[in-house]
Amino acid sequence: MILDWQQLNRDVMAVLQIARQRVLDRMASPLTVAEKTNRKDLVTNVDRENEQFLVSEIRRIDPEAHILGEEGFGDHLTSLKGRVWIVDPIDGTMNFVKQHDNFAMMIGIYQDGVGQLGFIYDVMTDVLYHGGKAVDGVWANQEQLTAPMDLPLAEGLMGASSPIVIHDIAHMQAIVHASSGMRIYGSAGIEIINCLLGKTVGYISYLKPWDIAAGQILLNCLDVRVSTIDGRPLDMLSSNLVLVATKKAQRDILQIEEDDVSL
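What you see is a predicted model, and the numbers here were worked out from it, not measured in a lab. (Residues numbered from 1 in each chain as written. Predicted model: local features only at pLDDT ≥ 70, side-chain atom pairs only at ≥ 80, totals over all residues. Heavy atoms only, no water.)

**Q** So what exactly am I meant to see when it comes to the nonpolar core here?
**A** In summary, soluble globular proteins display a tendency toward joint burial of nonpolar side chains. Counting residues in each nonpolar core, the largest one holds 36 residues, and the members touching the most others are Ile86, Ile120, Tyr129, Ile212, Leu219, Met236 and Val244. For this core, the element with the highest residue contribution is helix α7 (residues 209-221), accounting for seven residues. Here Ile86 is in contact with Leu68, Met106, Ile107, Gly108, Tyr110, Pro209, Trp210, Ala213 and Met236, once residues within four sequence places are set aside. Grouped together as the second largest cluster of nonpolar side chains are 34 residues, Leu16, Ile107, Ile109 and Tyr121 included. (Core = buried A, V, L, I, M, F, W, Y, C linked by side-chain atoms within 4.5 Å. Buried < 20%, exposed > 50% of the residue type's maximum accessible area, 1.4 Å probe, protein only. Helix = DSSP H or I, 4+ residues; strand = E, 2+ residues; numbered from the N terminus. Contact = heavy atoms within 4.5 Å.)

Shown next as structure tokens:
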């Protein structure tokens, strides 16, 4: 099947707008909250319901799709062969539960391992970041974004997840010290939006495929680097310690990593 990527982009935007309203409606009712791996790793009835809805809509608009979903309602995948949709129905579930804010819905679409379209929906601000290689650009709703300034680490704020800072994983404390300061948002999607907009020069966290699939597509389209902490390409079917950064900030962070190894 020859795919019309522009039409697919519009179709996914429409589905996500419906999904957003469903989530907002469900937020008015009590949530059912459960732990996944520990008390800080939560899942709600809304996560599961939203993924079921998104998977059913994806199968409707793209019957050939293979789907990897965080909550397990997609397919069991061992490769990125064909067209693969990677879905995070609620990114930042702790924020969703505790704040009713600072969470996102994310979808990344890959064709034979190459990112084509990415979508990050900041639900509470009603801004959908979308685009990628297949449509030659990235937009915030209808406004096309330009690449953020290529600032070095010292001139920008650095995003992080709190555990890697607390435990000083991958020399995170030295990286934060070398930056202008640290910001922690508690959602990979919200962190990535800040990188897209140039509000931060980078972000480091342990991420699973659904945490970074959409973001990698959008970031790469705006010339922001996405790699493992040591600069290698990501394995999109496994967890990674991910480094998102401008080119100059990536260079500075990799130098910190290299200098420590050489001591």
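Still more ground to cover, so stick around.
**Q** Looking at this structure, how should I read helix α2 (residues 45-61)?
**A** Structurally, the α-helix is built with 3.6 residues per turn, so residues lying three or four positions apart point the same way. Between its first and last C-alpha atoms α2 spans 25 Å; for 17 residues at 1.5 Å apiece the expected length is 24 Å, and the two agree. Listing the buried residues of α2 in full gives Asn45, Val46, Asp47, Asn50, Glu51, Phe53, Leu54, Val55, Glu57, Ile58 and Ile61. The backbone nitrogen of Val46 lies 3.1 Å from a side-chain oxygen of the residue at the head of α2, namely Thr44. (Expected span 1.5 Å × (residues − 1). Polar contact = N/O pair within 3.5 Å; in protein donor to acceptor, adjacent residues only side chain to side chain.)

**Q** Looking at this structure, I do not really get helix α1 (residues 5-27). What am I missing?
**A** Under the 1.5 Å per step criterion, the end-to-end length of α1 is 32 Å for 23 residues, consistent within 8% with the ideal 33 Å. Of all the residues in α1, the buried ones are Trp5, Leu8, Asn9, Val12, Met13, Val15, Leu16, Ala19, Arg20, Val23 and Met27. For α1, the secondary structure elements touched by its buried residues are α2, β4 (83-91), α3 (93-98), β5 (104-111), β6 (114-122) and β7 (127-132).

**Q** How should the pairing of β4 be read in this particular structure?
**A** Remark: a regular strand shows side chains that alternate across the two faces of the sheet. With nine of its nine residues buried, β4 lies for the most part within the structure. Here strand β3 (residues 66-69) pairs with β4 via four bridges, running parallel. What sits directly across from Gly69, in β4, is Val87. Sheet topology note: the β4/β5 ladder contains seven bridges and is antiparallel. Directly across from Val84, in β5, lies its bridge partner Tyr110. (Pairing = 2+ DSSP bridges.)

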